[in-house]
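# Coordinate analysis (summary)
Residue-level listing of the chains:
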Amino acid sequence: MKLSREHVIELLKEGKRIDGRSLLDPRPIQMEVGVVERAEGSAIVAMGKTRVLCVVRGPMECVPSYLADPEKAVLDVAYRMATFSTEERKSPSPSRREIELSKVIREALEPALMLDRYPRMMIRVYCLVLQADGGTRTASINAASMALAYAGIPMRDLVASVAVGYYDGKILVDLNAAEDDICADIPMAMMPAYNKITLIQADHIFPVDKIGDVLKVGVNAMKKIYELQRETLKKRYIDIARELGGE
Amino acid sequence: MVIRLKKSSVRIVVPGEVIATGQNYIVKGAVSKGLDGCVIANRIGLLKIKGREITVVPLSGPYIPKRGDSVIGIVVDFSVVYWLLEINYVWRARLDASDYLKRPFDASRERITDHLKIGEVVYAKVAHIERGMAPILSCREKGYGKLEGGRLISINPVKIPRVIGVKSTMLESIKRITEADIRVGANGIIWVKAERPEIEELVEYAIKKIEREAHIAGLTKRIQKELMEGMRRIHRGK
C-alpha cells in the first residue's frame, strides 16, 4: 500500500510517524564491517530500508597524477545509486545529484582523516546505494567512516551522520523518503569526540530560530549512531576471540 | 601531574576513543592528541598500558616503508642499471644493480637481465626513503639477495610483528618445529621454503591463523600445538 502525502502530514500533525516510531527515534540501524574481502576496508549500513555499501581502497597511486598533492593524500569519494535502488530504474550514468553528493560526503569526512600521513597518494571511497528510502547521504557517511577506520587509515574520530526534519513546529529524526518529501530536510554529520560538526545542509524553508533545537536533536541522535559504529568495529575483532572460547 | 587512565588492561580501541586524560605519559603507536590535551586512538588497535606508557598497536592498515625495513619484493620491471620491485606499497621500489651485486655494475659490459628477471623474488633492505616517493632498496648487507623456490604468503603488514613475536619467539618456534627456511618481509610478504610442499602448506596455514588471531592472547602456544600436530600428521603420511 502506498501512503499518500496527506496521510503522512496528518500523522505528523498528531506527532506520529508512518512507521510507528516516535519523532526523536532513528530508524532501526544495522551495521557490519569487513564485508568485502578484496578491499582494504568495507562496511554495509542499513538505516530502515535505506541500505548502503561502502568500499575503501588505498592508499594508492594518485590517478590522474596531476591531482597528486605533495603535502597530503587526495580523498576521492564516488557516491552512486544502483539502478535497482529506486522505485523507477535509475540511469547508471552519474547524475548531477550523485556528483554533488560525492563532494558533500568527501567534505564531511575530510576533517576526520589524517591525510597528511600519505603525501602524493589517493584514498578511494565508493558508496553504492543498494536501496534508497531517504537519508542515503547520511547512511553513506556512516558507512564510509567505518570502512575507513576498518582499512586502518589514521582518523581523528569516526564521523556519525543523521538527517533531521522540521515540519510545522515538529522536529523529527532520521527521515525516510515519504517524510523527506514534505519536511525541511537538514542532514548533518559530526565528530563526537571533538564536538565538531563536519556537515550541515538544509533543503527547505524552516524558521531560523529553530536551528538550535534542530542541532540539539541531531547531535543526540548522532551520538547514539556513533556508539553503534564503535561497537560494530570492535565486535568484528571480539567475534574472532569468542570463536576460540576466549574473552 | 596526575595520570588518570580509563582502564588498565589490554583492550580494543577505535578512532576517536579517549584513552587517558591529563598529562605526563609516554605515548606510542596510533595515538594522537584530542580535546583538552587528552590522548585518543587514531586507528583500530590494541591498547596496552604499562605504567606511564600508552601504546596502541594497530590491527589494520597499509604498509609504509621505513628505513632499515627488511622487505620481500617481486621484480616487475627493469631499466639499464636498476630493477623495479613490487613491495606492496603505492610505488615500486628501486633496486640498483650495484646494490644487488655488491660490486660496480658496468652496463656496457653486462646485461641487467642476466642477474634478475621479471617475476623473481628478492629479499632486500630499505636503504632510503623519501616522503611520497619511491623507496630505494639494497642487498649489500649479509643475508639479503635472491630467493629461489619456495612460496610466498601475503598477509596484512600490521600483523608482521606478531608473526615474528616478542624477541622473535613465534618465528623461531615455527622454524624449529617445521625446519623450514622462512624470510619475513615487513611489507606483509613472507617467503617459505621447506623440504616438502605439505610443510610449506602447514606454515602458510599457521601464518594465516596468526594474522586472523593476532589480537588474542596465548597465540604462540596455540600455534606451536597446531604445528606439532601438523608435522606428526605429515610424517605419518610419509
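Report follows, based on the coordinates. (Residues numbered from 1 in each chain as written. Chains lettered and ligands numbered in written order. Predicted model: local features only at pLDDT ≥ 70, side-chain atom pairs only at ≥ 80, totals over all residues. Heavy atoms only, no water.)

### Considering the overall build of chain B
Along its length, chain B carries 5 helices and 17 strands. Along the longest, intermediate and shortest principal axes, the C-alpha atoms of chain B span 70 × 50 × 25 Å. Taking all 238 residues of chain B together, the buried fraction comes to 49%. Relative to all contacts within chain B whose residues are 6 or more apart in sequence, the contacts with residues 24 or more apart total 58%. Total accessible area computed for chain B in this model is approximately 12,100 Å², and 51% of it derives from carbon and sulfur atoms. Averaged over its 43 positive side-chain charges, chain B has a centre that lies 8 Å from the centre of its 27 negative ones. (Helix = DSSP H or I, 4+ residues; strand = E, 2+ residues; numbered from the N terminus. Buried < 20%, exposed > 50% of the residue type's maximum accessible area, 1.4 Å probe, protein only. Contact = heavy atoms within 4.5 Å. Areas by Shrake-Rupley, 256 points an atom, 1.4 Å probe, with all protein chains shown as cover. Lys, Arg positive; Asp, Glu negative; His and termini not counted. Charge placed at Lys NZ, Arg CZ, Asp CG, Glu CD.)

### Let's talk about the overall build of chain A
Helix and strand content of chain A: 5 helices and 9 strands. The N-to-C order of helical and strand elements in chain A reads α-β-β-β-β-α-β-α-β-β-α-β-β-α. Its C-alpha radius of gyration of 18 Å places chain A within 12% of the 18 Å reference for a compact globule of 247 residues. Dimensions of chain A, computed from the C-alpha atoms along their principal axes, are close to 55 × 50 × 40 Å. Counting the 247 residues in chain A, one finds 53% classified as buried. Put simply, chain A shows about 11,500 Å² of open surface, and 51% of that area lies on carbon and sulfur atoms. If the 35 positive side-chain charges of chain A are averaged to one point and the 35 negative ones to another, these points end up 1 Å apart. (Rg over C-alpha atoms; globule rule 2.2 N^0.38 Å.)

### A closer look at helix 5 (residues 219-236) of chain B
All names here are of chain B. Under the 1.5 Å per step criterion, the end-to-end length of helix 5 is 26 Å for 18 residues, consistent within 8% with the ideal 26 Å. Regarding helix 5, the residues found buried are Leu219, Ile223, Leu227, Gly230, Met231 and Ile234. What you see down the axis of helix 5 is that its buried residues fit within an arc of 100°, all on one side. Facing away from the buried side of helix 5, by more than 90 degrees, are the exposed residues Lys221, Lys225, Arg232, Arg233 and Arg236. (Expected span 1.5 Å × (residues − 1). Arc of directions from axis to C-beta.)

### Digging into the sheet that holds strand 17 (residues 189-193) of chain B
Residues and elements named next belong to chain B. An order of 15-17-16 is seen for the 3 strands of this open sheet, with the pairing classed as antiparallel. Of all the strands in the sheet, just strand 15 (151-154) and strand 16 (181-184) have a single pairing partner and so form its edges. The mean inter-strand angle of the sheet, taken between neighbouring strand axes irrespective of direction, is 20°. Pairing geometry for strand 15 and strand 17, over 4 bridges, is antiparallel. Paired with Arg151 across the strands is Val192, a residue of strand 17. In the packing of helix 4 (residues 197-212) onto the sheet, the strands contacted are strand 15, strand 16 and strand 17, and the crossing angle to strand 15 comes to about 10°. (Pairing = 2+ DSSP bridges. Axes fitted to C-alpha atoms, helices over the stretch in contact; angles between N-to-C directions.)

### Brief notes about the interface of chain B and chain A
Each partner contributes residues to the interface: chain B has 32 residues there, and chain A has 33 residues. Summing both partners gives a buried area of about 2,700 Å² for chain B against chain A, and 63% of it is carried by carbon and sulfur. Remark: the boundary between chain B and chain A carries 1 salt bridge. For the salt bridge of A:Lys234 with B:Glu17, the shortest nitrogen-to-oxygen distance reads 3.0 Å. Put simply, chain B and chain A have 12 residue pairs in polar contact (both at pLDDT 80 or more) between them. Among the secondary structure elements, those contributing two or more residues to the side of chain B that touches chain A are strand 2 (11-13), strand 5 (31-33) and strand 6 (39-41) of chain B. Its residues placed into classes, the side of chain B that touches chain A shows 17 nonpolar, 8 polar and 7 charged. (Buried area = accessible area lost by both parts, 1.4 Å probe. Salt bridge = Lys/Arg side-chain N within 4 Å of Asp/Glu carboxyl O. Polar contact = N/O pair within 3.5 Å; in protein donor to acceptor, adjacent residues only side chain to side chain. Nonpolar A, V, L, I, M, F, W, Y, C, P; charged D, E, K, R; others polar.)

### Looking at the pattern of salt bridges
Following the criterion strictly, the structure yields 31 salt bridges over all chains and no others. We note a salt bridge from B:Arg222 to B:Glu213, for which the minimum N-O separation is 3.2 Å. Here the salt bridges share partners, and the residues they tie into one network are A:Arg17, A:Asp19, A:Arg21 and A:Glu179.

### Considerations on the side chain of B:Asp96
Residues and elements named next belong to chain B. You can see Asp96 is positioned in strand 11 (residues 93-96). Engagement of the side chain of Asp96 in a polar contact is seen with the side chain of Arg94, the distance being 3.0 Å. Excluding residues within four positions of it along the chain, Asp96 makes contact with Val81, Tyr82, Trp83 and Leu137.

### Description of the environment of B:Ile189
Residue and element names in this part refer to chain B. By secondary structure assignment, the location of Ile189 is in strand 17. A C-alpha to C-alpha distance of 8.1 Å links Ile189 and Gly73, two positions 116 residues apart in sequence. Beyond its immediate sequence surroundings of up to four residues, Ile189 is in contact with Ile72, Leu152, Ile153, Arg183 and Val184.

### Some remarks on a nonpolar patch on the surface
Together, A:Ile197, A:Ile200 and A:Ile211 line one region of the surface with nonpolar side chains, adding up to about 230 Å² of accessible area. Counting through the fold element by element, A:Ile197 comes out in strand 9 (residues 196-200). (Patch = residues over 30% accessible without salt bridge, like charges linked within 9 Å, V, L, I, M, F, W, Y side chains within 5 Å.)

### Here we look at the side chain of B:Lys209
Residue and element names in this part refer to chain B. Its place among the elements puts Lys209 in helix 4. On the basis of relative accessible area, Lys209 is assigned to the buried category, the value being 13%. Contacts of Lys209, omitting those with residues within four sequence positions, involve Ile223 and Glu226.

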